[in-house]
Each structure stands twice: as C-alpha cells, then as structure tokens.
Amino acid sequence: MSDDPDDDTGRKGFTSPPCLAAEIAPDYFDPLAVDPEQARDVMRWRKAERARLRAERLALPVSTRQAASLAIAGQLRQVLRDHLAVAPGRAVSAYWPIKGEPDLRPLMLELHQAGFNVALPIVETKHAPLIFRVWTPETRMVRGDWNIPVPPPEADQIHPEIALAPLVGWSEDGYRLGYGGGYFDRTLAVLRPRPFAIGIGYASARLATIFPQPHDIRLDLILTEAGLP
Ligand SMILES: Nc1nc2c(c(=O)[nH]1)N(C=O)[C@@H](CNc1ccc(C(=O)N[C@@H](CCC(=O)O)C(=O)O)cc1)CN2
Ligand SMILES: Nc1ncnc2c1ncn2[C@@H]1O[C@H](COP(=O)(O)OP(=O)(O)OP(=O)(O)O)[C@@H](O)[C@H]1O
C-alpha cells in the first residue's frame, strides 16, 4: 500500500494524487475538450453529408468519373515529380477503388514499373490504425474488411512516406471526410515519421467546412480533377 492515506490505488511512487482535477483552477479552459452535445451534432451532420455525397458520386456518369480519375492521376504524377522530389524506391500507399472513388490503378502500375514501392491500406484490426502491405501487378488480392480487395497477409508490410487518402468530402482548409471509420485519422495520429498525406476526391465533393474535431488530422494536400484547391 502507498503511504498516502488518500491513495487507494495500492501503487507506490505517485507524488500527486492520480486525478489532478483538484489542482486545476476551476476557470481553466481546456481548448481540446469538446462539448459532447456539439460533437454529437457534428457526427449526425457528417453522417447525412456522407450519405448525400456518396449518392451524388455514384450518380456521376462513369465517363465523368473516368475523366476525373485521369486528370487526378496527371496531377499526382506532377506533384510526385516536381514538388516532392520523390525518387524510385520510395514507399507510396494508394487504395483499391470502391464505391465510385477515383480509380488510380493505372498510376499504381506506372509507379510500380518506375521502381516505387506501392502499398495498399488494410484494416487488420477494427478500430485500430491501418497497416500497409506491398502491392505489385502479380499480387493475388484477397477480400479484406468491407470486402475491399487487399494484398494477402504474407505480402510485406511497409511504412509509406506518401499516403493517398480517398475521400468522401473535403474542405479547402485541408480536412477530409471518409466513410466514418476514423481509420486514416487513427493511422496518421500514430505513424512516425508521419507520411505526406494527399487527399484524393472529386471537385464536386467540396464542403465549406467539415467542422473539424480534435481527432481530425489536416491533410498535407488535396487533389481533385480541378487541380490544387
Ligand atoms: N478504397 C478504399 N480503401 C480503403 C479505405 C477507403 O476509404 N477506400 N479506407 C479508409 O480509411 C480503409 C477502409 N475504411 C473503412 C471505413 C469504414 C468501414 C466501416 O465498416 N464503416 C461502418 C460505419 C462506421 C461508423 O459509422 O462508425 C459501416 O459503414 O458500416 C470499413 C472500412 C482502408 N481501405
Ligand atoms: N486518433 C484516433 N483515436 C481514436 N479514435 C479515433 C481517432 N481518430 C478518429 N477516431 C474515431 O473515429 C470516428 C470517426 O471519425 P471521422 O468522422 O473523422 O471518420 P472519417 O475520417 O470520415 O473515416 P475514415 O478515415 O475511416 O475514412 C470518430 O468517432 C472518432 O472518435
């Protein structure tokens, strides 16, 4: 038992009580604390916006999505070459397109052929950060969480230096709305060094704001078929 009569943790060595609430001035404003009612409102709003944006995206003609995918791949090729001085041998994570997301698979192939390590994100544990496994044109994909095709468990795991994050919605200040699992935020919160994160989506998915919450991580860049915002 601890010598402190107020300490019922049974542990030794604390110089302060485990809960510091008594030492914090009652008028202290914690900028990271969230009003739970407001957080609930934001989550409800996001749910409705995700449904609207996903339906709008699927309603885009296939030819429009294809043209946008080509334009985004062109932008990305230029960004990788001109702005990031990315050299072959470096690790880039992409994504296998689902639900009308821009299809960057031709660019994945091109990057692989140019000597990049191309990887794909995998939900190996629910509510945990994503992991990334190497993809090549020979990779025999298996079905992962949500039925998303992913490299098999024996594919090498890598740490991407650049991570493409597909988005459902985006705002000009660099925030992204995904499918609501929080996977990219959890991943960017723990990966060190943090990858250069590039959001990928359609120009029409722009929102004035996503009402950023403390867990939302701003992306380094957002690319749409219309170019840099
Ligand atoms: N093509 C592609 N691959 C990707 C992603 C992506 O956005 N696009 N991801 C990007 O992160 C990861 C998968 N993201 C997922 C996000 C949500 C759920 C999911 O089960 N969502 C629940 C709702 C969750 C909630 O509302 O709390 C559901 O729809 O039932 C699954 C996977 C990894 N691979
Ligand atoms: N770093 C984190 N640690 C723990 N939980 C987190 C973290 N980041 C996000 N979450 C949780 O994930 C949930 C969904 O977050 P959010 O609305 O930002 O999803 P999203 O960015 O649209 O999803 P995704 O990244 O999977 O596409 C939130 O309820 C949040 O609490």
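Parameters and conventions
Residues numbered from 1 in each chain as written. Chains lettered and ligands numbered in written order. Predicted model: local features only at pLDDT ≥ 70, side-chain atom pairs only at ≥ 80, totals over all residues. UniProt positions renumbered as here; feature names shortened; annotations may be inferred. Helix = DSSP H or I, 4+ residues; strand = E, 2+ residues; numbered from the N terminus. Contact = placed C-beta atoms within 7 Å. Core = buried A, V, L, I, M, F, W, Y, C linked by C-beta atoms within 7 Å. Buried ≥ 20, exposed ≤ 12 C-beta atoms within 10 Å, placed from the backbone. Near = placed C-beta within 6 Å. Nonpolar A, V, L, I, M, F, W, Y, C, P; charged D, E, K, R; others polar. Expected span 1.5 Å × (residues − 1). Pairing = 2+ DSSP bridges. Axes fitted to C-alpha atoms, helices over the stretch in contact; angles between N-to-C directions.

As annotated in an unreviewed UniProt entry, the chain carries the name 5-formyltetrahydrofolate cyclo-ligase and is attributed to Seohaeicola nanhaiensis. Per UniProt, the chain has the following entry under Catalytic activity (unreviewed entry): "(6S)-5-formyl-5,6,7,8-tetrahydrofolate + ATP = (6R)-5,10-methenyltetrahydrofolate + ADP + phosphate". UniProt annotates the chain under Cofactor (unreviewed entry) with the comment "Mg(2+)".

Undergrad: I'd like a description of the overall build of the chain, backed by residues and values.
TA: Looking only at helices and strands, one finds four helices and 11 strands in the chain. Sequence separation of 24 or more characterises 67% of the internal contacts of the chain that already satisfy a separation of 6 or more.

Undergrad: Explain the nonpolar core to me, and be specific about the residues and the numbers.
TA: Within the largest apolar cluster, 43 residues are counted, with the highest numbers of intra-cluster contacts made by Ala-94, Val-118, Leu-120, Ala-165, Ile-198 and Ile-200. Looking at this core, the elements that each hand over two or more residues are helix H2 (62-83), helix H3 (105-113), strand E2 (117-122), strand E6 (162-166), helix H4 (183-190), strand E9 (196-200) and strand E11 (221-223). For this core, the element with the highest residue contribution is H2, accounting for five residues.

Undergrad: So, the site of ligand 1: which residues are in play, and what are the values?
TA: What surrounds ligand 1 is a group of 18 residues, the closest being Tyr-95, Tyr-179, Gly-180, Gly-181 and Tyr-183. Grouping the amino acids of the shell around ligand 1 by side-chain chemistry returns 13 nonpolar, three polar and two charged.

Undergrad: With reference to specific residues and values, describe the pairing of E6.
TA: Taken across its five residues, E6 has five buried, putting it largely inside the fold. Of the two faces of E6, the one carrying Ile-162, Leu-164 and Pro-166 and the one carrying Ala-163 and Ala-165 are both buried.

Undergrad: Could you give an account of helix H1 (residues 36-59), with specific residues and numbers?
TA: In this model, H1 (24 residues) spans 35 Å end to end at C-alpha, consistent with the 34 Å of a helix rising 1.5 Å per residue. Taken across its 24 residues, H1 has one buried, putting it largely on the surface.

Undergrad: An account of the site of ligand 2 is needed here, citing residue identities and associated values.
TA: Residues in close proximity to ligand 2 total 14 residues, the closest being Gly-178, Gly-181, Gly-182, Tyr-183 and Asp-185. Looking at the shell around ligand 2 element by element, the count peaks at five residues for H4. Considering only residue class, the shell around ligand 2 consists of five nonpolar, five polar and four charged.

Undergrad: Residues and numbers for unusual backbone geometry, please.
TA: Cis geometry marks the peptide bond from Arg-192 to Pro-193, where omega comes out at -5°. Examined against the element boundaries, Pro-193 turns out to sit in the loop between H4 and E9. The residue Phe-211 is not glycine, and still its phi comes out positive at about 55°.

Undergrad: Let's hear about the sheet that holds strand E8 (residues 176-177): which residues, and what values?
TA: With mixed pairing, three strands are arranged side by side in an open sheet as E8-E7-E10. One side of each edge strand has no neighbouring strand; the edge strands of this open sheet are E8 and strand E10 (206-207).

Undergrad: A description of the sheet that holds E6 should follow, citing residues and the corresponding values.
TA: Taken together, six strands build an open sheet; the order of strands is E3-E2-E1-E6-E9-E11 and the sheet is mixed. Because the sheet does not close on itself, it has two edges, and the strands there are strand E3 (131-134) and E11. With direction set aside, neighbouring strand axes in the sheet form an average angle of 30°. Inspection of the sheet shows strand E1 (residues 91-93) paired to E2 by three bridges, in the parallel sense. Each bridged residue has a counterpart across the sheet, and for Ser-93 the counterpart in E2 is Ala-119.

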